[in-house]
Amino acid sequence: TGVHEKMIEDNVRMHAGHLQLTGAGYLEDRTLERFVRWTPELAAAIESAPGIAAAAPRLNGFALLSNGQASHGVALIGVAPARESGVSTLPGRTVRGAFLDGSAREIVLGAGLAEALAVDVGGEVLVYAVAYTLENAYELFRVRGVLRVPEPTLDRSLALISLADAQLLFAYDDRVSEVAMLTGDPARLDQTRRALAARVAPHSREALDVNGWPVVMPELAQMILIDDAQNYS
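First, a word on scope: everything that follows refers to the structure included in this document. Bear in mind that the values here come from a model prediction, so they are computed numbers and not experimental data. (Residues numbered from 1 in each chain as written. Predicted model: local features only at pLDDT ≥ 70, side-chain atom pairs only at ≥ 80, totals over all residues. Heavy atoms only, no water.)

Things to note about helix H8 (residues 189-200)
Structural remark: α-helix, 3.6 residues per turn; residues separated by three or four positions point the same way.
Phase 1: Taking 1.5 Å of rise per residue, twelve residues should cover 16 Å, and H8 covers 16 Å from first to last C-alpha, within 8% of that figure.
Phase 2: Turning to H8, its buried residues are Leu189, Thr192, Leu196 and Val200. Projection of H8 onto a plane perpendicular to its axis shows the buried side chains occupying an angular sector of 65°, all on one side.
Phase 3: Residues of H8 that are buried in the fold lie against strand S1 (19-23), helix H3 (40-47), strand S3 (52-67), strand S11 (178-183), strand S12 (208-212) and helix H9 (213-216). (Helix = DSSP H or I, 4+ residues; strand = E, 2+ residues; numbered from the N terminus. Expected span 1.5 Å × (residues − 1). Buried < 20%, exposed > 50% of the residue type's maximum accessible area, 1.4 Å probe, protein only. Arc of directions from axis to C-beta. Contact = heavy atoms within 4.5 Å.)

Here's the deal with the environment of Ala56
Phase 1: One can find Ala56 in strand S3.
Phase 2: When its relative accessible area of 0% is taken as the criterion, Ala56 is described as buried.
Phase 3: Residue contacts for Ala56: discarding those within four places in its chain leaves Arg83, Glu84, Val87, Glu178, Val179 and Ala180.

Quick word on the pattern of salt bridges
Phase 1: With the rule as written, the count across this model stands at 13 salt bridges.
Phase 2: The salt bridge partner of Glu47 is Arg83, with a shortest N-O separation of 2.5 Å. Note that Glu47 is positioned in helix H3 and Arg83 in helix H4 (residues 81-87), a separation of 36 residues in sequence.
Phase 3: On the accessibility criterion, Glu47 (45% relative accessible area) is partly exposed.
Phase 4: Across the pair Asp101 and Arg144 runs a salt bridge, and its minimum N-O distance is 3.4 Å. Linking Asp101 in the loop between strand S5 (94-97) and strand S6 (106-110) with Arg144 in strand S8 (residues 136-147), this pair joins segments that are 43 residues apart in sequence.
Phase 5: Here the salt bridges do not stand alone but share partners, grouping Asp101, Glu106, Arg142 and Arg144 into one network. (Salt bridge = Lys/Arg side-chain N within 4 Å of Asp/Glu carboxyl O.)

Quick word on the pairing of S11
Phase 1: The buried fraction of S11 amounts to six of the six residues, a majority that puts the element mostly inside the structure.
Phase 2: Burial along S11 is two-sided: the residues Glu178, Ala180 and Leu182 and Val179, Met181 and Thr183 are all buried.
Phase 3: Across four bridges, S1 lies against S11 in antiparallel orientation. Across the sheet, residue Thr22 finds its bridge partner in S11, namely Glu178. (Pairing = 2+ DSSP bridges.)

Next up, the structure:
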């Protein structure tokens, strides 16, 4: 049980959070068409919900990063740096340079990705993406930092920019893909989830989903379930 709790906590704090607020159906197709409007009213509703300890909005997109002759497809994530540090361990995984501080057109790369692009702190990469409006979007970003994550595939494909820059790049206005949250008592996950869903519903014109980590990370939940079945049989 202790090992399972440590696995859950590590994965929750890596990125997913105990709970995630998304547009309805986002986990099925993960497109820009499924979104949450990150407004001051919604932020206040989340922060005042019982059991919520911290919340971080993110914009998840796909992009092509280029440096010279090297290019690489990436998971491009826009984050609010001050909020992200309260929810995930990503800021603390920086091994060179520094994590984002909200400055414009700065980017943090996974160590494997930086190596593949032959770029380091202080260098520049061209970010190319397709915006929400279906227009081509591209911008030069300066590498502010390099971080290392334990999953090799993610280390080679992770790039982080500020949420403000991501919303500009993807022409996304006040929209975000998800809001990741930590709870004060993980044992009361379902009660907190239901209370949060009721709290945020009046503050959104679009349908929203609130899911716990077992739905967001089904592979982890299934592995623990199978391990429990073997241990207790």
